[in-house]
Amino acid sequence: MERGIFSFLGESVVLEHLLEFKDCSYKPFAKIFEDQIIRDEHVHVAHGFRIIREASSNDESRAQAQQALDRLWPHILGLFGHEKSQRSRAYVKWGFRKTLNGELRENFKKKTIPKLAAVGLTVPHHGTGVSA
């Protein structure tokens, strides 16, 4: 079950980061992400969602998926980096990214939480998963 949760959520985090770099100011770098890499990430995210959607079709496996989500959620949020990261601010300043870590994390949550709810899963509410 962890594989499905991580495939959906972890790959969604990767996709969010790649979409940031797709429009970066350094055009050779942006070009790398423009086509195939981002398309592939969409496939990985969809595969993970398919796994958890199917697993959530019965009570027993939905409970297992919920347990996996409870364990992995803080770590998934941690993949965005610290909210006050100076490196994140520099990347935005230099045009490599448009969005700071905290904003990107919140955008991810707004997109992801309704999808999880649609299959009967609820995100735990115990911190951001990012160490100070």
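Bear in mind that the values here come from a model prediction, so they are computed numbers and not experimental data. (Residues numbered from 1 in each chain as written. Predicted model: local features only at pLDDT ≥ 70, side-chain atom pairs only at ≥ 80, totals over all residues. Heavy atoms only, no water.)

### What about helix α5 (residues 101-118)?
- Over its 18 residues, α5 runs 26 Å from end to end, which matches the ideal 26 Å to within 8%, given 1.5 Å per residue.
- Helix geometry: α5 is bent most strongly at T112, by close to 25 degrees, with proline P114 lying one to four residues after it.
- The complete set of buried residues in α5 reads N101, G102, L104, R105, F108, T112 and L116.
- For α5, the secondary structure elements touched by its buried residues are α1 (2-22), α2 (27-55), α3 (59-78) and α4 (86-94). (Helix = DSSP H or I, 4+ residues; strand = E, 2+ residues; numbered from the N terminus. Expected span 1.5 Å × (residues − 1). Bend = angle between axes of the 7 residues up to and from the residue. Buried < 20%, exposed > 50% of the residue type's maximum accessible area, 1.4 Å probe, protein only. Contact = heavy atoms within 4.5 Å.)

### A few points about the environment of P74
- Considering the arrangement of structural elements, one finds P74 in helix α3.
- Judged by relative accessible area, P74 falls into the buried class, the value being 15%.
- Sequence separation between P74 and V123 is 49 residues; the distance between their C-alpha atoms is 9.5 Å.

### Points about the pattern of salt bridges
- Summed over the entire model, instances satisfying the criterion amount to eight salt bridges.
- Here K111 makes a salt bridge to E16, at a shortest N to O gap of 2.7 Å. Placement of the pair is K111 in helix α5 and E16 in helix α1, with a sequence separation of 95 residues.
- Residue classification places E16 among the buried positions, given a relative accessible area of 10%.
- Linking D59 and R62 is a salt bridge whose minimum nitrogen-to-oxygen distance equals 2.5 Å. Of this pair, D59 and R62 both sit in helix α3, three residues apart, which is roughly one turn of the helix.
- Classification of D59 by relative accessible area gives exposed; the value is 60%.
- Put simply, K22, D23 and K98 are held in one network by salt bridges that share partners. (Salt bridge = Lys/Arg side-chain N within 4 Å of Asp/Glu carboxyl O.)

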